[in-house]
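In case you want the letters, here they are:
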Amino acid sequence: NGPGLQPRSTESRQKQFDELLNWLDIPLSLSATEKLSRLRKVPARQLVAVQSNMKFHEFRPVADGSFINDNLINSINDGSFAKQLKDRGIKILNGEVCDEHYLYGVS
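Details of the nonpolar core
Counting residues in each nonpolar core, the largest one holds eight residues, listed as L20, L21, L24, I26, L39, V42, V50 and M54. Among all residues touching V42, those that are not within four sequence positions of it are L24, I26 and L47. In this structure, A63, I68, L72 and L85 belong to the second largest nonpolar core, which totals five residues.

Notes on helix α5 (residues 80-87)
Owing to its 3.6 residues per turn, the α-helix aligns residues three or four sequence positions apart on the same side. Listing the buried residues of α5 in full gives F81, Q84 and L85. Taken end-on, α5 shows its buried residues confined to a sector of 100°, consistent with a single buried face. When the buried face of α5 is taken as reference, the exposed residues oriented beyond 90 degrees from it are K83, K86 and D87. Structurally, α5 contributes buried residues whose contacts are with α4 (72-77).

How each quantity is defined
Numbers given for residues are sequential positions, taken from 1 along each chain in its written order. Note on the predicted model: pLDDT of at least 70 is required for a residue's local features to be given, and 80 or more for side-chain atom pairs to be given and counted; whole-chain, interface and lining totals, by contrast, use all residues. In computing side-chain values, all of the structure's heavy atoms are included and hydrogens and water are not. Working definition of a nonpolar core: buried Ala, Val, Leu, Ile, Met, Phe, Trp, Tyr and Cys residues. They are joined through side-chain atoms within 4.5 Å. With a 1.4 Å probe rolled over the protein chains alone, any residue whose accessible area is under 20% of its type maximum counts as buried; one over 50% counts as exposed, and the rest are partly exposed. Should any heavy atoms of two residues lie within 4.5 Å, those residues are considered in contact. Each helix is a run of DSSP H or I of at least 4 residues and each strand a run of E of at least 2, with the numbering of both proceeding from the N terminus. By construction, the arc corresponds to the directions joining the helix axis to the C-beta atoms.

Here's what the structure looks like:
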């Protein structure tokens, strides 16, 4: 997601998560802990393979209130997000994709 956009809430991404679980044959009736446990066991190649079949196939950051807070834009602007990344030893690459908007226009 562009750094100037607030990531969506976990509630708004629930349909995408449920769709992913369905593609991976992980029952929606399981507890959240069990869903995550099974999801973590899925090989990366399988995750990539099912993604292209999904209706909601684009995965973007989610404001979880822990790592990505509900006020991300302010924390970027005041430097606290960069400090959090630095404290955790996380490096990021930020860039621009020329004419990316044309890609979204063809789908």
